[in-house]
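Now for the letters of each chain:
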Amino acid sequence: ALQVWTLYLLFAFIPPVKAVPTKDLFPDIPFKLFSSFVQNNFSSEITLATVLTILFSLTNNVDILNLHARAKNPRLQDEYSVPVNGWIRALSTAIKAHLDAKIGLRNMEDTQLFNASDNQQHLSSSMQISNISRKLDEMITILDLDPYKRNSSTMQLLKPISTSEIELVLLICPARLTCSTHHKNCIGRAIHVLTRERDRIQVTLLKGIKLYENASIVAGSCTNCKAIYYADHKSVTASSDTPRDPQLSPKDKLFYNNAKYVKIGQSIWADRTFTNMIVNSVYHFHASTAAYTEFWNYIFSNSAENIYSPISQRQVWKAFIEETVRQISVSMNIFLQVPDNISTEAVTKEAYEQLGQNGLIGQSLDHSCNECTHPYKATADFITPADDAAVVGIDENRAVPPLQQNAENTELQNIDNNTMETGNSVEPDVKMVVIDGIVMGPIHCAYEDCSVKLANARTGVFCLRHEKSDNYFVAPRFYCVETLCAPCGVVIAWTKFAKSEGASQIMDFLEDIYPTPESRPSYVCIDKACVVLKHLIRSRNWNMWKATTRFIVDSYHYINYRVGDYLCHTYCNPSPLNGSAPNLVVVERDINGNPHYKRAFNTQACEQLNAWLGGFQGILNRMSVDNFNWTTHALLYIHTQRVIQKQNKKNNQIQNEQPVQMGQPPYDDEVEIDGIEIDRVD
């Protein structure tokens, strides 16, 4: 017992260790003192913006203030005090230049930093900086930002100035002013506050990379229709015309596409800058929401200051869904409406059903550019004596191997030529699309011929309908994702194939996208074009396509299959060297002005797209069917928007291209604009 008391007394007299503050408090001086200084030293016309610029320039440059203080207070015998030293002059010069630029934009005179007694008009530029420096030095003393004033005997270095004392008060409220319900008595009706003062809800708000702990939620309502308005959505009574699960809320949630803040957790909201950062991180870095969560928490929550509370993966995933829903809704000019208070996965299901268009990227159907659309040509620009199966860029200087004869080729050769005759494009322009698959997809019901999502996505193997069937060890996975894109990279549509990438599944996919002859492209490039052609001929469906569309393969597959496959050899050449398909080749000239053919379209576009999409395979394959559908669609939709933006930028550069100078080689196939090499367009 004596030893215990001895230890107790020993620890009792050890002085407690205090954490050393990492920041200094914001200047806490009477406003009257600060106001008097401003009035006595600056122009009577000085604006609030200028005063705040000077104040925050001082509080955010403590290193300069420390250096300035050291220069004013010599310690060595050969040092001397310099009140207006180079450090404070550097800060003065920067502040004056910044204010001059702002004032110049408003066509005002640069007089705010000087009063009448300064005689600014008689001061040189150097003397003006000295004048401003003396005023800043006095302001530093008044604001208690002088390291020596705190302790005259020693220098106490300033630390970064905390802004917690001037933290913002933020209210998360509706951005609408009037009711948007289509009711005659609601048009123009003001929205009134619904949240009572005693019911005020405090939440955490992520605004960019800054966190506000005590933001308040304020909701509004329409006194006529009783619709409730929040910052990110409107809550309305669901229509009685649509059958509804009694377990669901009788209210509907209408997403606001222009919302400034969105709810991403029970008591956490985020602004669109934060949610957009998540979407861009996933898109550009192939990052999962788990990886982004770990990154965010490591950078901002595990720092020495521990300024932020950790966020969860669920919150990051919710932010991704909320942002992608709004980005796509804005592009489609519609609003997503879902039952209120449903799960995030139910939101992804509703989002794909309402916005996904069954995998169709609507903005791409009418897309046209010089990489995927060319004017129709009836004849080739020039003819070269080459084999029908010779390919541009490959067979210019070598013999083409002959077609091998076999039973299948003999059968196909006996088909009437009229059966395979292809017509011209219905449109005056020639368009091509490229289609290909990538082996990936979510798991689905193990019951035969059922590809519905699992009732239990974690451990189940059957859908809700077949849940009581005989057990299987594992649930099967969708065989592949099939993508359809233009040669320029713009994604047109995508879908999932459950068991195989067969010709019938491919044609069903194409017929869903192009239901009428007028909508069909002139060329469809697919690595299984010969298989698709055989399917069309034997199923007697070729007559539906032959007047508008021709099926070709890319050059790699054509070289491998042209020897043993009659249809591939005869009809699937992607760029005939002899000019027999004038719309598949274009003419360019070498440096000597000699013409030669090059391929008119990029037939590798889909493989390039799938190589990028494959970077998400590890992330997407672990998702449920609903989450997989929405995430894949959102990524491809955003990718299409980025491709179109790049094309518009490139077209603007080409249009702004300078005329060719005299004496420059006339047949340069590339020009350089701002350091970027681009193809010339004649």
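Residues numbered from 1 in each chain as written. Predicted model: local features only at pLDDT ≥ 70, side-chain atom pairs only at ≥ 80, totals over all residues. Heavy atoms only, no water.

## Quick notes on the sheet that holds strand β11 (residues 337-339)
Then comes step 1: Read across the open sheet, the 6 strands follow the order β2-β5-β6-β7-β8-β11; overall the sheet is antiparallel. Whereas interior strands pair on both sides, the edge strands pair on one side only; in this sheet they are β2 (192-193) and β11.
Then comes step 2: Pairing of strand β7 (residues 233-237) with strand β8 (residues 251-255), which is carried by 5 bridges, proceeds in the antiparallel orientation. The partner of S235 across the bridge, within β8, is K253. (Pairing = 2+ DSSP bridges. Helix = DSSP H or I, 4+ residues; strand = E, 2+ residues; numbered from the N terminus.)

## Focus: the pattern of salt bridges
Then comes step 1: Under the counting rule described, the total for this entry stands at 16 salt bridges.
Then comes step 2: The partner of E79 in a salt bridge is R70, and the shortest N-O contact between them spans 3.1 Å.
Then comes step 3: Assessed through its relative accessible area of 26%, R70 is described here as partly exposed.
Then comes step 4: The salt bridge involving E322 is made with K318; its shortest N-O contact spans 3.7 Å. Of this pair, E322 and K318 both sit in helix α10 (residues 313-332), 4 residues apart, which is roughly one turn of the helix.
Then comes step 5: On the accessibility criterion, K318 (17% relative accessible area) is buried.
Then comes step 6: Linked by salt bridges that have partners in common, K318, E322 and R326 make up one network. (Salt bridge = Lys/Arg side-chain N within 4 Å of Asp/Glu carboxyl O. Buried < 20%, exposed > 50% of the residue type's maximum accessible area, 1.4 Å probe, protein only.)

## Things to note about helix α8 (residues 272-285)
Then comes step 1: For α8, which comprises 14 residues, the first-to-last C-alpha distance of 19 Å matches the rise-based estimate of 20 Å (1.5 Å per residue) to within 8%.
Then comes step 2: Within the span of α8, buried status applies to R272, F274, T275, I278, V279, S281, V282 and Y283.
Then comes step 3: The first or second residue beyond α8 is H286, which carries a positive phi of 55°. (Expected span 1.5 Å × (residues − 1).)

## Some details on the side chain of Q128
Then comes step 1: Relative to the helices and strands, Q128 resides in helix α6 (residues 125-142).
Then comes step 2: You can call Q128 buried: its relative accessible area is 11%.
Then comes step 3: Other than its neighbours up to four places away in sequence, Q128 contacts K96, F114, Q120 and L123. (Contact = heavy atoms within 4.5 Å.)

## Let's talk about the pairing of strand β18 (residues 585-589)
Then comes step 1: Relative to strand β19 (residues 595-599), β18 runs antiparallel, the two sharing 5 bridges. Paired with E588 across the two strands is H596, which belongs to β19.
Then comes step 2: Counted between consecutive antiparallel strands, the loop separating β18 from β19 contains 5 residues, among which G593 sits at a positive phi close to 85°.

## Considering a nonpolar patch on the surface
Then comes step 1: A surface patch of nonpolar side chains, amounting to about 350 Å² of accessible area, comprises L48, L52, F56 and I166.
Then comes step 2: Relative to the helices and strands, L48 resides in helix α3 (residues 48-59).
Then comes step 3: Assessed through its relative accessible area of 63%, L48 is described here as exposed. (Patch = residues over 30% accessible without salt bridge, like charges linked within 9 Å, V, L, I, M, F, W, Y side chains within 5 Å. Areas by Shrake-Rupley, 256 points an atom, 1.4 Å probe, with all protein chains shown as cover.)

## Re the packing of aromatic side chains
The description of two aromatic rings rests on the distance between their centres and on the angle between their planes.
Then comes step 1: Under the criterion given, the structure shown has 12 aromatic pairs.
Then comes step 2: Seen in terms of ring centroids, Y283 and W612 are 5.3 Å apart; in terms of plane orientation they differ by 55°. Their pairing is tilted. Taken as a pair, Y283 in helix α8 and W612 in helix α18 (residues 605-613) lie far apart in primary sequence, 329 residues in all. Of the two residues, Y283 and W612, neither departs from the other in class, the shared state being buried.
Then comes step 3: On the numbers, 5.8 Å between centres and 55° between planes, the contact of Y292 with F295 is tilted. Here the residue Y292 and the residue F295 both occupy positions in helix α9 (residues 289-301), the gap between them amounting to 3 residues, near one helical turn. (Phe/Tyr/Trp six-rings, centres within 6.5 Å; stacked < 30°, edge-to-face > 60°.)

## Description of the confidence of the model for the protein
Then comes step 1: For the protein, the average pLDDT comes to 84, and 85% of its residues sit at 70 or higher.
Then comes step 2: Segment residues 416-426 is flagged for pLDDT under 50; beyond a separation of four residues in sequence, or across chains, it makes 22 contacts in the model.
Then comes step 3: Across residues 659-682 the pLDDT falls below 50, and counting only partners more than four positions away or on other chains, this stretch makes 30 contacts in the model. (pLDDT = per-residue confidence, 0-100.)

## What to know about the sheet that holds strand β10 (residues 268-271)
Working definition: the strands of a sheet are paired by backbone hydrogen bonds and lie parallel or antiparallel to each other.
Then comes step 1: Pairing is mixed in the open sheet, where 5 strands are placed in the order β1-β4-β3-β10-β9. On the outer flanks of this sheet lie β1 (171-172) and β9 (261-265), each paired with one strand and no other.
Then comes step 2: Direction of pairing for β9 relative to β10: antiparallel, over a ladder of 4 bridges. Looking at β10, one finds that K263 is bridged to W269.
Then comes step 3: Strand contacts of α10: β9 and β10, with the helix running at about 145° to β9, the strand carrying the most contacts. (Axes fitted to C-alpha atoms, helices over the stretch in contact; angles between N-to-C directions.)

## What to know about the packing of α18 against helix α20 (residues 625-655)
Then comes step 1: Taken N-terminus to C-terminus, the directions of α18 and α20 make an angle of 125°; their axes are 12 Å apart at the nearest point. Comparing the axis directions of α18 and α20 gives the class oblique. For the crossing formed where α18 meets α20, the hand is right-handed. Each of L609, W612 and L613 in α18 lies in contact with α20, whose residues at this interface are L635, L636 and H639. (Parallel < 35°, antiparallel > 145°, perpendicular 65-115°, else oblique. Left-handed = near helix turned anticlockwise from the far one by under 90°.)

## Overview of unusual backbone geometry
Then comes step 1: Its identity is not glycine, yet N341 carries a phi of approximately 60°, on the positive side.
Then comes step 2: By relative accessible area, which is 69% here, N341 ends up exposed.
Then comes step 3: At N358, a residue that is not glycine, the phi angle is positive and equals roughly 55°.
Then comes step 4: Mapped onto the elements of the fold, N358 is located in the loop between α11 (344-355) and β12 (373-375).

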